[in-house]
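What the coordinates show
This is what each chain is made of:
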Amino acid sequence: MERIMKARGLGGHSSATALGPVVWALFFWAAPLILWAQTTGSVDTTAFPVLSVGLGARAVGMGESFTAVADDLSAIHYNSAGLAQIHDPEVVLMHNSYLADGFYDTVGCVYPFGTAGTLAFGLNYLNYGSIDRRDAQGNLLGTYTPFDISAGGAFGFQMDKNAFLGLSSQWMRQDINGSVHTGLLWDAAFLVKPYERFSLGLNFKNLGVETGGYSLPAELMVGGRVNGDGHIGLVTSQGSSAA
C-alpha cells in the first residue's frame, strides 16, 4: 500500500550560479569508479539489510534504477539531488510485506523552499518477523523479532540550470534478540539534465560509521534516462559495494 498526498501552489526553481562545468567534471570523474569498485566484506557481515531494500513502488518497479529520475520522495534513497525537482509538498505512507510475516513501513514528507531547494524527511521500520530461539539440542526456547529502524533527512538544490546537488544523512538502529548496534550514514548525489529528454544521476551511498564491527554496504550508483514522448525509453543503473 502506498499513498501520496500533494499540496499545490509553490513556484518553480530558477537558475543558480553557473556551476555547470564543475558538475560535469565531477560527474565524469566519478562515473568510471564503477569499473573497479568491488566488495571487500562478505555478504553475511554487512550491516543494516534495510539499506538494500528498495523504496517506493514506482522506483522498485523500474528495477530500482531510479538514480537518473528521482522526482518523488524515493529520491531520499536513490538520489537526493532529484528532490530539487519537486515543487509541491508531499506526504508519503508506505507499507510492504517482507519475508514470511515481516513488514517494511515508511513515512516521509517533502517540503520545497522555492529556489533555495527542497527538504525531505523519512522514517523507516523493517520488521523481520518472528524467529524461533533454540538451544544447542534444538529445543524451542521461545521467539524473538529482529528489526531495523532508521530516521533521515535530505536536501536537494539547483546548482545550475540543468544541474542539481543533494546531501542526505540517516541514523540507524538494529536490534537482534537484544544485540543492538547503531550507525550514522551520509549520501552525496548529483543529477544533470543536459537535454530535455536525457538525464544522468550519480549517488555515493551509505558512507559512514557503525558500532557493530560490520561492513557498511557503501555503494556508487550511476544511472541514465532517455525519455521519449513522455515515456521512459531507457533507465540503467550500476552499483558497486565497498567495505
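Residues numbered from 1 in each chain as written. Predicted model: local features only at pLDDT ≥ 70, side-chain atom pairs only at ≥ 80, totals over all residues. Heavy atoms only, no water.

1. Side note on the pairing of strand S4 (residues 118–127)
For clarity, the threshold we go by: Strands pair, by our definition, only if DSSP identifies at least two bridges between them. Starting at the N terminus, helices and strands are each numbered in turn, a helix being any DSSP run of H or I of at least four residues and a strand any DSSP run of E of at least two.
Pairing of strand S3 (residues 102–112) with S4 involves 10 bridges; the strand directions are antiparallel. Paired with Gly108 across the strands is Gly122, a residue of S4. The hairpin formed by S3 and S4 contains five residues between the paired strands, and Gly114 there has a positive phi angle of roughly 60 degrees. Summarising the sheet, S4 and strand S7 (residues 147–160) pair through 10 bridges and their orientation is antiparallel.

2. Topic: unusual backbone geometry
Using the following cut-off: Using a 1.4 Å probe on the protein chains alone, a residue whose accessible area is under 20% of its type maximum counts as buried, one over 50% counts as exposed, and one in between counts as partly exposed.
Residue Ala70 is not a glycine yet carries a positive backbone phi of 45 degrees. Within the secondary structure, Ala70 is located in the loop between helix H2 (57–61) and helix H3 (75–78). Residue classification places Ala70 among the buried residues on the basis of a relative accessible area of 0%. Even without being glycine, Asn177 reaches a positive phi, approximately 55 degrees.

3. Notes on the side chain of Asn79
For clarity, the cut-off: Identification of polar contacts relies on pairs of N or O atoms within 3.5 Å, with a donor-acceptor requirement for protein atoms, meaning one able to donate a hydrogen and the other able to accept it, and with residues adjacent in sequence counted only if both atoms are side-chain atoms. Only heavy atoms enter the contact rule, under which two residues are in contact if any of them lie within 4.5 Å.
Within the fold, Asn79 resides in the loop between H3 and strand S2 (90–98). For Asn79, a relative accessible area of 0% corresponds to the buried category. A distance of 3.0 Å separates a polar atom in the side chain of Asn79 from the backbone oxygen of Phe190. Those residues within four positions of Asn79 in sequence are excluded, and the remaining contacts are Thr67, Ala70, Ala189, Phe190, Leu191, Gly201, Leu202 and Asn203.

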